Amino acid sequence: MSPLPFRRLPPGWSLGPVLILLGVLAIGFAPEPPRLGLGDNQDPGPRAVPLVLALGLITGGVAEIVKAWVWRRRLTRSAGAAARKAEEDAAADSSDAKSLGDAAVVLVLVVGYVAALPWLGFSVSTSLLVVALLLRLGARWMTAAAAAVVLVLAVRLLFVGLFKVQLPVGQLGLPF
Amino acid sequence: MLELLQPGVVVPWMLAMLFGLFVGATPGLTATMAVALIVPISFYLPNPSTGLAMIIGVSFTAIFAGDIPAIYLRIPGTPASAATTLDGHALALQGRAGYALALDLACSCIGGLIGVLLLMFLAPQLARFALRFSNFEYFWLGVLGLSLSAAVSSGSTARGLLAAGFGMLLSTVGIDMVSGTPRFTFGRSDLMMGVGFIPVMIGLFGLAEVLRNVRHRAALSAPAIRTESGLAVRECLRTLRRRFRTVLRGSVVGTFTGALPGAGADIAAWAAYGLEQKIAQDPERFGQGTDDGVIAPASAHNGAVAGAWIPALVFGIPGDSVTAIVIGAMLMYNLKPGPLIFEQSGDQVQTIFAIALITQFLLLPCGYLGIKAFGTILRLPRNLVLTAVVVFSVVGAFALRNSLFDVYVMVAFGVVGFYLESQRVPVAPLILGLILGPMVEENLRAGLIKTGGSFGPFLTRPISLVLWLLLVGSFLGPWIARRLRRSSRAKRCPPAP
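Residues numbered from 1 in each chain as written. Chains lettered and ligands numbered in written order. Predicted model: local features only at pLDDT ≥ 70, side-chain atom pairs only at ≥ 80, totals over all residues. Heavy atoms only, no water.

Novice: For the overall build of chain A, give the residues involved together with the corresponding values.
Specialist: Looking only at helices and strands, chain A has 4 helices and 2 strands in total. Along its sequence from the N terminus, chain A presents helices and strands in the succession α-β-β-α-α-α. Counting the 176 residues in chain A, one finds 37% classified as buried. Here the contacts in chain A between residues at least 6 apart in sequence split such that 61% fall between residues at least 24 apart. (Helix = DSSP H or I, 4+ residues; strand = E, 2+ residues; numbered from the N terminus. Buried < 20%, exposed > 50% of the residue type's maximum accessible area, 1.4 Å probe, protein only. Contact = heavy atoms within 4.5 Å.)

Novice: Residues and numbers for the interface of chain B and chain A, please.
Specialist: Tallying the contact residues gives 58 residues for chain B and 63 residues for chain A. In this assembly, chain B packs against chain A so that about 5,300 Å² is buried in total across both faces, 76% of it on carbon and sulfur atoms. In terms of surface lost to chain A, no three residues of chain B exceed Leu 162, Phe 184 and Arg 215 of chain B, which account for 11% of the buried area on that side. At the boundary of chain B and chain A, one finds 1 salt bridge. Measuring nitrogen to oxygen at the nearest pair gives 2.7 Å for the salt bridge that ties Glu 64 of chain A to Arg 159 of chain B. Scanning the region where chain B abuts chain A turns up 5 residue pairs in polar contact (both at pLDDT 80 or more). Within the residue set of the side of chain B that touches chain A, elements represented by two or more residues are helix H1 (7-25), helix H8 (157-171), strand E2 (182-183), helix H9 (197-213), helix H17 (382-399), helix H18 (404-422) and helix H19 (428-451) of chain B. Tallying contributions element by element places H17 of chain B first for the side of chain B that touches chain A, with 11 residues. (Buried area = accessible area lost by both parts, 1.4 Å probe. Salt bridge = Lys/Arg side-chain N within 4 Å of Asp/Glu carboxyl O. Polar contact = N/O pair within 3.5 Å; in protein donor to acceptor, adjacent residues only side chain to side chain.)

Novice: Mind laying out empty space enclosed by the protein, listing which residues take part and the relevant values?
Specialist: Per the counting criterion, the structure on display carries 2 cavities of 30 Å³ or more. What lines the largest cavity is simply Ile 56, Phe 60, Val 116, Leu 119, Ala 306, Trp 309, Ile 352 and Ala 356 of chain B. Class assignment for the residues of the lining of the largest cavity results in 8 nonpolar, no polar and no charged. If you add up the space inside the second largest cavity, you get close to 30 Å³. Put simply, the parts of the chain that give the lining of the second largest cavity at least two residues each are helix H3 (79-136) of chain A together with H17 of chain B. A class-by-class count of the residues in the lining of the second largest cavity yields 8 nonpolar, no polar and no charged. (1 Å grid on protein atoms, 1.4 Å probe; cavity = no way out; pocket = protein on both sides within 12 Å on 5 of 7 lines; lining within 4 Å. Points joined across faces, edges and corners; volume = space filled by probe spheres on them. Nonpolar A, V, L, I, M, F, W, Y, C, P; charged D, E, K, R; others polar.)

Novice: Any details on helix H10 (residues 233-242) of chain B? Residues and values, ideally.
Specialist: Residues and elements named next belong to chain B. Those residues of H10 not exposed but buried are Cys 236, Thr 239 and Leu 240. Down the axis, H10 shows its buried residues gathered within 100° of arc, on one side only. Structural note: H10 exposes Arg 234, Arg 241 and Arg 242 on the side pointing more than 90 degrees away from its buried face. (Arc of directions from axis to C-beta.)

Novice: Which residues make up the side chain of Asp 104 of chain B, and what values do they have?
Specialist: Residue and element names in this part refer to chain B. Its location among the elements puts Asp 104 in helix H6 (residues 97-131). Buried within the structure, Asp 104 lacks any salt-bridge partner; its nearest side chain of opposite charge belongs to Arg 96, at an N-O separation of 14 Å. Ignoring any residue separated from it by four or fewer positions in sequence, one finds Asp 104 in contact with Phe 64, Asp 67, Ile 71, Thr 84, Val 294 and Ala 298. (Lys, Arg positive; Asp, Glu negative; His and termini not counted.)

Novice: Can you lay out the pattern of salt bridges for me, pointing to particular residues and giving the numbers?
Specialist: Scanning all chains against the criterion turns up 18 salt bridges over all chains. Close ionic contact of Asp 102 of chain A with Arg 136 of chain A constitutes a salt bridge, the shortest N to O distance being 2.6 Å. Given the relative accessible area of 11%, Asp 102 of chain A is considered buried. Across the pair Arg 212 of chain B and Glu 421 of chain B runs a salt bridge whose closest N-O atoms are separated by 3.4 Å. Placement of Arg 212 of chain B in helix H9 and of Glu 421 of chain B in helix H18 is noted, with a sequence separation of 209 residues between them. On the accessibility criterion, Arg 212 of chain B (18% relative accessible area) is buried. Several salt bridges share partner residues, and in doing so they unite Arg 74, Glu 209, Arg 212 and Glu 421 of chain B into one network.

Novice: Talk me through the packing of H17 of chain B against H18 of chain B; I want residue IDs and the actual numbers.
Specialist: All names here are of chain B. The N-to-C vectors of H17 and H18 enclose an angle of 135°; their axes lie 7 Å apart at closest approach. Classified by the angle their axes make, H17 and H18 are oblique. Like other packed secondary-structure pairs, H17 and H18 cross with a definite hand, here right-handed. Where H17 approaches H18, its residues Ser 393, Val 394, Ala 397 and Phe 398 are matched on the opposing element by Leu 404, Asp 406, Val 407 and Met 410. (Axes fitted to C-alpha atoms, helices over the stretch in contact; angles between N-to-C directions. Parallel < 35°, antiparallel > 145°, perpendicular 65-115°, else oblique. Left-handed = near helix turned anticlockwise from the far one by under 90°.)

Novice: Hey, could you go over a nonpolar patch on the surface for me, with residue numbers and the actual values?
Specialist: Residues and elements named next belong to chain B. There is a patch of nonpolar side chains on the surface, built from Val 11, Leu 15, Leu 18, Tyr 368 and Leu 369 and spanning about 450 Å² of accessible area. Among the secondary structure elements, those contributing two or more residues to the nonpolar patch are H1 and helix H16 (346-377). When residues of the nonpolar patch are assigned to their parent elements, the largest contribution, 3 residues, is made by H1. Topologically, Val 11 is positioned in helix H1. (Patch = residues over 30% accessible without salt bridge, like charges linked within 9 Å, V, L, I, M, F, W, Y side chains within 5 Å. Areas by Shrake-Rupley, 256 points an atom, 1.4 Å probe, with all protein chains shown as cover.)

Novice: Can you explain a positive patch on the surface? Please cite residues and give values.
Specialist: Residues and elements named next belong to chain B. Together, Arg 482, Arg 483, Arg 485 and Arg 486 give the surface a local cluster of positive charge. Relative to the assigned elements, Arg 483 resides in helix H21 (residues 462-492). A relative accessible area of 48% means that Arg 483 is categorised as partly exposed. (Charge placed at Lys NZ, Arg CZ, Asp CG, Glu CD.)

Novice: For the confidence of the model for chain A, give the residues involved together with the corresponding values.
Specialist: Residues and elements named next belong to chain A. Model confidence for chain A is summarised by a mean pLDDT of 78, while 68% of its residues fall at 70 or above. Within chain A, the element-level pLDDT minimum falls on strand E1 (residues 39-40), averaging 62, and the maximum on helix H1 (residues 15-29), averaging 89. Across residues 1-7, confidence stays below pLDDT 50; counting only partners more than four residues off in sequence or on other chains, it has 10 contacts. (pLDDT = per-residue confidence, 0-100.)

Right under this line is the structure:
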């Protein structure tokens, strides 16, 4: 019986390590002055509740890892079913990787947009984001440009005109 | 009553309700914000009844309006609409957005109506009961709310609890209210007041949804939601006749929950949703687009708005942030909330009740207009709508405090939401953990300080006892019921030899 490829882990397999990491970080970075740490039952300090929660997350993380391990063992034992499922999973994994790439590109565009806001101002950076995002999502040039104008105007009318929100003006010195 | 139906009152009242509808339906802008924005405008009006009508109208309308983007886009307009996203959006994905919204609107009106009637008849008794709650009871109330949200979310309850724990951990970021110690702030002033609830909510429900959607390229040029031409009013009326008990239960649960100070429309909606799922014969249908999953939270959140008025009117204790602003406005109108208000300002109290009642009927045409306006926008291709959601998410997160840091928080939680859903972890309990975390922690610590470190009163005080037994029951009940069902099935059909 050959060992199963690593990717064939149950949905949620990475959750365990992530939860443990989160718990450990929470314990490490809890409150700044250690003298006000845990306190006691009579007066629990600021660190008490975060510590309990962090330990809960670590326990949950360990439970998730055990669950993933048990799932893998069960699958290894039922070899016929495992082989069939391995093929299905491999196909699903490859399409997942492609679509994850799409989500990553959108995320990079959004982060770039937020970073550009203080420099380019709301109107310019939003227009650029809308055009780039729509082109990436399969829209035509004309649609993307029209959408950029309409969206910028709508947001300005609503947030600046009605709610008096100060949107970032940027460093370019543009009047909009 | 007739004075309230004059055009000079009704016109600004309805305009204010349309404004509430607009703010409530805009993700990132809350019902509290809508009320806060309308209060200064209401003071420019010559008749105090008109001002009160505008404020009360906005509070009910904005809470309903949060359900419109929740159903269409899976982005709750206000925190109270988070529970509606589960089944409301599932119905929208089946091409039944119009039906879900009509049902939601009708239930919001009925919930508000029942809530106002309960407010009128039961106010003093209910408020007195809520006042018996001390730290011990509030602690259990918070824990019960958290566990309920984990239990009712789709997917594993254990993962729901982990999400709630993560949310609670997030709520500890900032200055500790008891000792004044900064926690997890890393010296950043942006984090001193804690992680903003609104950016987290927009990230988890808005940006994460966009990231999930862009993975399905083929569907991006199609309309965002298949909307019917009408609101399926007849079908909705038939459902209401059939499920009227659910509406009643949701409204009553909502009103009672809303009457507990600190427990607002969001907790009320979850409580009603959880109750319906627990007593349903087919609980697995919840989250798949069941009618009860829309009826219960919709009737509960507007019932809770009325419920929050109970302690506000009778004792001057705000039931939630909206009524906190309303109390301030009432004081400016020379109305002093408290036990004596019924004697000293009986007429004004009757006016408030009448306004709240009429608001429920005005909500029908206003809500209809809002749904129609929003539905037109959503006939656009999905890629356009997703792009608009990104822009509105960024601006919504920014608008609250004019802070780019909040926008980065929103983006970070967009990624967190995307990851958690890919790992089949429900995100709703995370939100509730963030809301209820401070309530649980502060009451636990204050209770322990009071008792000199003893956990006894947490377990033995009568209301505490009922609450923690409910908590245990909420976990053991379904398990015992499953075991009983399995054993009775085994008895009926013994295994073949």
